[in-house]
Amino acid sequence: MRQLLPDDTLWRNLRLATLDPDVHTPYGMLEGHALILRNGHIQAIVPEDALPTSHGNTHDLQGRLVTPGLIDCHTHLVFGGNRASEWEQRLNGVSYQQISAQGGGINATVMATRAATEDALFSLAQQRIDNLIREGVTLLEIKSGYGLNVATEEKILRVAARLADKYPIEISPTLLAAHAVPVEYRDDPESYITQVCEVIIPQLWEKGLFEAVDLFCESVGFNLEQSERVFSAAQAANIPVKGHVEQLSLLGGAQLVSRYRGLSADHIEYLDEAGVAAMSRSGTVGVLLPGAFYFLREKQTPPIDLLRRYQVPMAVATDFNPGTSPFISLHLAMNMACVQFGLTPEEAWAGVTRHAAQALGRQATHGQLKPGYVADIIVWDAEHPAEILYEPGRNPLYQRIYRGQRT
Ligand code: NIG
Ligand code: FE
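It should be emphasised that the depicted structure is a prediction, and the values quoted were computed from it without experimental measurement.

Caption draft 1: Main features of the coordination of the iron ion (ligand 2). Coordination of the iron ion (ligand 2) by the protein comes from His74 (NE2), His76 (NE2), His244 (NE2) and Asp319 (OD), over a distance range of 2.1 to 2.2 Å. The motif formed by the donor residues of the iron ion (ligand 2), counted along the single chain, is H-x1-H-x167-H-x74-D. With histidine 244 in strand β10 (residues 242-245) and aspartate 319 in the loop between β13 (314-316) and α12 (330-341), this pair connects stretches of sequence that are 75 residues apart. Residue class for histidine 244 comes out buried when judged on its relative accessible area of 3%. Residue aspartate 319 is classed as buried on the basis of its relative accessible area, which comes to 1%.

Caption draft 2: Representation of the nonpolar core within the structure. With 97 residues, the main nonpolar core has Leu77, Leu163 and Trp349 as its most contacted residues. Of all hydrophobic cores here, the second largest spans 17 residues; its members include Leu16, Ile42, Val66 and Val379.

Caption draft 3: Geometry of the environment of leucine 5. Mapped onto the elements, leucine 5 comes out in the segment before β1 (9-17). By relative accessible area, leucine 5 is classed as partly exposed at 43%. Placed 289 residues apart in sequence, leucine 5 and tyrosine 294 show a C-alpha to C-alpha distance of 50 Å. The contacts of leucine 5, once residues within four sequence positions are left out, are Arg38 and His55.

Caption draft 4: Molecular detail of the sheet that holds strand β11 (residues 264-267). Strands sit in the order β10-β11-β12-β13 across an open sheet of four strands; the sheet is parallel. Two strands lie at the open edges of the sheet, namely β10 and β13, each paired on one side alone. If you compare each strand with its neighbour and ignore which way they point, the axes differ by 25° on average. Here strand β12 (residues 285-288) pairs with β13 via three bridges, running parallel. Across the sheet, residue valine 287 finds its bridge partner in β13, namely alanine 315.

Caption draft 5: View of helix α4 (residues 118-134). For α4, with 17 residues, the first-to-last C-alpha span of 24 Å sits near the 24 Å given by 1.5 Å per residue. Along α4, the residues classified as buried are Leu121, Phe122, Ala125, Gln126, Arg128, Ile129, Leu132 and Ile133. Following α4 by one or two positions, glycine 136 has its phi on the positive side, about 100°.

Caption draft 6: Up close: the pairing of strand β4 (residues 41-47). Alignment of strand β3 (residues 33-38) against β4, held across six bridges, turns out to be antiparallel. Residue pairing across strands places leucine 37 opposite isoleucine 42, the latter belonging to β4. The hairpin formed by β3 and β4 contains two residues between the paired strands, and asparagine 39 there has a positive phi angle of roughly 50°.

Caption draft 7: Structural context of the packing of aromatic side chains. Scanning the entire structure with this criterion turns up eleven aromatic pairs. Ring centres 5.2 Å apart and planes at 50° place the aromatic pair tryptophan 205 and phenylalanine 210 in the tilted group. Judged by relative accessible area, which is 5%, phenylalanine 210 ranks as buried. Aromatic pair phenylalanine 295 and phenylalanine 327: ring centres 5.6 Å apart, planes at 85°, arrangement edge-to-face. You can see phenylalanine 295 sitting in helix α10 (residues 290-295) and its partner phenylalanine 327 sitting in the loop between β13 and α12, a full 32 residues away along the chain. Phenylalanine 327 shares its class with phenylalanine 295; the two are buried. Aromatic rings pair up to connect Trp87, Tyr294, Phe295 and Phe327 into one cluster.

Here is what the cut-offs are and how they apply
- Residues take numbers from 1 onward in each chain, read along the sequence in its written order.
- Just so you know, chain letters begin at A and ligand numbers begin at 1, following the order they were written in.
- With the structure being a predicted model, the display of local features is reserved for residues of pLDDT at least 70 and the display and counting of side-chain atom pairs for 80 or more, all residues being used for whole-chain, interface and lining totals.
- With hydrogens and water stripped out, all remaining heavy atoms of the structure feed into the side-chain values.
- Counted as coordinating are nitrogen, oxygen and sulfur atoms within 2.8 Å of the metal, or 3.2 Å for Na, K and Ca, while water is not included, which may make sites look incomplete.
- Secondary structure follows DSSP: runs of H or I at least 4 residues long count as helices, runs of E at least 2 residues long count as strands, and numbering of each begins at the N terminus.
- Classification of residues uses two cut-offs on accessible area relative to the type maximum, computed with a 1.4 Å probe and protein chains only: under 20% is buried, over 50% is exposed, and between them is partly exposed.
- We call a set of buried residues a nonpolar core when its members are Ala, Val, Leu, Ile, Met, Phe, Trp, Tyr or Cys and they connect through side-chain atoms within 4.5 Å of each other.
- In what follows, a contact means two residues having at least one pair of non-hydrogen atoms within 4.5 Å.
- Any two strands between which DSSP finds at least two bridges are classified as paired.
- With axes taken as lines fitted to C-alpha atoms, and helix axes fitted only over the stretch in contact, angles between N-to-C directions fall between 0 and 180 degrees.
- For a helix, the expected span equals 1.5 Å multiplied by the number of residues minus one.
- Note on ring pairs: Phe, Tyr and Trp rings are taken, using the six-membered ring of Trp, and paired if centres are within 6.5 Å. Classes follow the plane angle, with under 30 degrees stacked, over 60 edge-to-face and the rest tilted.

Set out below in structure tokens:
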């Protein structure tokens, strides 16, 4: 019989989708087991018949489905303004690349974000984060990248830090200063890269405002050489890297990310086999962003079969941003990953749990129901995990548990 401490909580009569790859059933499903939580962590998963018949802190979940908390490992959640009129232009035949060249696109949001106060950005971000929390997200990545100068990148990252203080949800902040060439450097992108490497990265790292460096390697972003300058500045300070790569064309960005042992290569619609092989060698996660694919009406889908063949972990994220993915729903992103990219619902679930945790360097603590892992757990009024993404918008969430505490 299992020994329990008085402060332990015991959760029984549930169906556990552990997402643990060592549990060899679909979704790592375990029936007839109970969860014991202690000090914010999963203490044990034990067969029901090995439990004491009574314990003070017992929750009967009446057969409900229990999963790890969802993880959205790629968002641009903090920004000012919106780009509805640009979207309208696009539907009138102007391309994303043309709009960027005219100073629109990312730079339009940069203007709005520079003009906004920190409080205004905070209150906009709160509305967005509420939507993700409602869906069961317990860990969220937030990128800067709509500041493109040290003061505004800092303002965005401070908003992310305030969100982390205010909400029970955990936030992983990323510096995306190399998102676009700001208008004041339009004719001299190299000098902007120098500014990123010599001022923005070191100053904001010193302040502890982010935990990884990201960039946009693309014709409308930065080329391979410029991207490499950013990665080597990050590496010199021991900062993990990741990249928006191979989204609109194949430049070799995924191989570059892999050379720097990057956490993730994101978008990757145009990724080729050499890039997949490089990612597989470096343990880099492929982050699929079907919202942007859909909204940009792209045709080229990521090489899912190659990623499977090379056993590259695939994550799924919202990429929530005003220009290319204005969808603040991870359930919808999971659905789109299945419908547009052909993932199975089980792959989509791995994509928002253990693989998303890996994309954030937290695979040893998050994204699975497993002894020793953080007790960020969602209880669903559902029988099968596929129900959650099959019908986005219905949201059968029943209860959230952050670090072992019900909210
Ligand atoms: O992830 N690819 C670059 N960055 C964003 C788009 C940002 C924007 O257009 O505002 C993305 O899709
Ligand atoms: Fe993005």
